[in-house]
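One letter stands for each residue in the lines below.
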Amino acid sequence: MNLKKYAILLSLLSVILAYTFNEINLAAMRKEGIALRKDQTVETNDDSSYLHFIENYIRFGSPYLSERELYSSIMRTPGYGLTYLMMAQIVGLSHALFYQKMLQLLLFGLSIYCLVFIAFALLKNKRWAIAVTAIYALLPFSMGFLYYTLTEGITPALLIFYAYFLMMTTTTNLPKRKAMLYFMASLVFAYLLLTRPVLGFMGLAFPFFLWRDYFSRKRPMIVIAAISGFGVVCISLLLGWQLRNYTLTGRYTEVQPVYQNENPGTFRKPHHAIWGLYKAWESKGSHFHETLVPLWERAIAGDTAMIHVQKVLEQTPTKAVEYFGKARLVDAFRMYQKASLAQRSYYDQSRIMPHQPLPIEDSVAQLFNEMASEYRKQFPLEYHLITPLKVFKNLVFHSNLSLYVFQHSWRGVVLMELLRWICFIIHASAFILCFLIVLIKTNIRYKALFGISIILYIFYLTYFQRGIEERYTLPILAFAILGAAFVLKQLLERFSKKSHNQG
């Protein structure tokens, strides 16, 4: 059987398995009375921010119906929402969610087909390529978000398509075909950036591929022109989105401006400053929100009782409380209660707030920023090393089996626990081994795509962002597995060669 037939077979099997596991998962959730979105997809706190404005546009002709919604509409880049819009335009809004998950299944299957050829181009061995692709395609740790309306439903496939077009440039010497492959890679990457901008780290490999193909000592401007030209395509969609936001708000914004002065709610300047303090020791963003959000919810409702501050201190590490002193922390969080209460009229009436933070919000932010700076200086090892390592552990050392049936319905079943351990070992090992590709003497293009890009992405999440979720590894899981397989294959070949020479 040739490679193409294996690719088709793995693609079909992966779609069948993904459909089966996700349908079983939905059935289990229905049985347990867990809310689903229109009985079609798993509902989360984040998914409405991708769907709401599309539904507004379909029903009313505009993604936002008020000034507050205008500012909310720019908090997420629209890549994922556009796929939902396409489905709604084709089949109607009432059927859009069903076809959205079918689209995600289709993209998953197509990505498996492409992954076979990526693996073969990298590993130069048919058996290795098929085996490595099968690991990703058939184990359910790769298909857990296909029935979610989150970016993870499509970004793993988009990244694989991007890598496919890049890797295929190494298999041809025809200039026109090579240029077309680079153009396709840049188009896919442009849409990927519009869907999940943080995955832009994976674009690091692009110039290395271009450099290898277009560099000439006599005509160095060729590679500069190629990088510039394809680079413009890569950022075109995101740049267009930023220009659109500028016309709406009258100012340049961050790519995904979660914190906006105009939007009343939890995510305002004081929240950002408090997170700046807490991420010195907090390795789970969810735990931070479980600590702070109840305090804000009570305050915005008019309840600024001391007991709510006391609950926050009880969930704050003893080390931090002892260092700052209970009185200082109490005063700071009491001010935060007042700052939250100050936006109540705007929040209740769903009105936008002034373009500048309220004076008390500036005061609260300054207070917590000073505390954060002080803590970092006093405990540099904890801030710069220990906490990032904790975040890394949370990000990498898990099975990635996110479906409800894996976490609840089948918990404790022998076969389920065996599967969990298999996925855990592969997931953790892949992200450890792929880092070693930078130490192996090989093509810099492969190092950049399957090693350095992943390292930079992980470093950003663990050191700078910190408030991570386990699902953030899913888009790069296939890349990590490929990088790890390449390292393992190289080590085995060297060991075999060394043993042969000694014999």
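Reference entry: report on the structure contained in this document. Remember, predicted model here, so these are calculated numbers, not experimental data.

**As for the nonpolar core**
Core analysis: the biggest nonpolar cluster contains 122 residues, and Tyr-162, Met-167, Phe-450 and Phe-479 have the highest contact counts within it. It is helix α5 (residues 93-123) that provides the largest number of residues to this core, a total of 17 residues. Those residues in contact with Tyr-162 that sit more than four places away from it in its chain are Ala-185, Val-188, Phe-189, Met-202, Gly-203, Ala-205, Phe-206 and Leu-449.

**A short note on the side chain of Thr-316**
Looking at the secondary structure, you find Thr-316 in the loop between α13 (306-314) and α14 (318-324). Among the polar contacts listed, one links the side chain of Thr-316 to the side chain of Tyr-278, at a separation of 2.5 Å. Among residues more than four places away in sequence, those in contact with Thr-316 are Tyr-278, Trp-281 and Val-321.

**Section: the packing of helix α9 (residues 205-214) against helix α21 (residues 444-465)**
The N-to-C vectors of α9 and α21 enclose an angle of 180 degrees; their axes lie 8 Å apart at closest approach. Here α9 lies roughly antiparallel to α21, going by the angle between them. Residues Ala-205, Phe-208, Phe-209, Arg-212 and Asp-213 of α9 form the contact with α21, whose participating residues are Ile-444, Arg-445, Ala-448, Leu-449 and Ser-453.

**Some details on helix α12 (residues 285-300)**
The first and last C-alpha atoms of α12 sit 22 Å apart over 16 residues, in line with the 22 Å expected at 1.5 Å per residue. Regarding α12, the residues found buried are Gly-285, Phe-288, Thr-291, Leu-292, Val-293, Leu-295, Trp-296, Ala-299 and Ile-300. The first or second residue beyond α12 is Gly-302, which carries a positive phi of 100 degrees.

**Some thoughts on the packing of aromatic side chains**
Here the structure, examined in full by the defined rule, presents 40 aromatic pairs. For the pair Tyr-50 and Tyr-80, a centre-to-centre distance of 5.7 Å together with 70 degrees between the ring planes defines the contact as edge-to-face. With Tyr-50 in helix α2 (residues 48-60) and Tyr-80 in helix α4 (residues 79-91), this residue pair connects regions lying 30 residues apart in the sequence. When the centroid spacing of 6.4 Å and the interplanar angle of 80 degrees are considered together, the rings of Tyr-278 and Phe-333 count as edge-to-face. With Tyr-278 in helix α11 (residues 269-278) and Phe-333 in helix α15 (residues 326-342), this residue pair connects regions lying 55 residues apart in the sequence. One exposure class covers both Tyr-278 and Phe-333, and it is buried. The rings of Trp-275, Tyr-278, Trp-281, Phe-288, Tyr-323, Phe-324, Phe-333, Phe-368, Tyr-375 and Phe-379 are connected pair by pair, giving a single aromatic cluster. A cation over a ring is seen here: Arg-466 above Tyr-383, with NZ or CZ 4.2 Å from the ring centre.

**Side note on unusual backbone geometry**
Backbone geometry at Asn-400 places phi at a positive 65 degrees, although glycine is not the residue there. Positionally, Asn-400 belongs in the loop between α18 (380-396) and α19 (404-409). Although it is not a glycine, Arg-466 adopts a positive phi angle of roughly 65 degrees. Exposure remark for Arg-466: the relative accessible area of 0% places this residue in the buried category.

Criteria and cut-off values
Residues numbered from 1 in each chain as written. Predicted model: local features only at pLDDT ≥ 70, side-chain atom pairs only at ≥ 80, totals over all residues. Heavy atoms only, no water. Core = buried A, V, L, I, M, F, W, Y, C linked by side-chain atoms within 4.5 Å. Buried < 20%, exposed > 50% of the residue type's maximum accessible area, 1.4 Å probe, protein only. Helix = DSSP H or I, 4+ residues; strand = E, 2+ residues; numbered from the N terminus. Contact = heavy atoms within 4.5 Å. Polar contact = N/O pair within 3.5 Å; in protein donor to acceptor, adjacent residues only side chain to side chain. Axes fitted to C-alpha atoms, helices over the stretch in contact; angles between N-to-C directions. Parallel < 35°, antiparallel > 145°, perpendicular 65-115°, else oblique. Expected span 1.5 Å × (residues − 1). Phe/Tyr/Trp six-rings, centres within 6.5 Å; stacked < 30°, edge-to-face > 60°. Lys NZ or Arg CZ within 6 Å of the ring centre and 35° of its normal.

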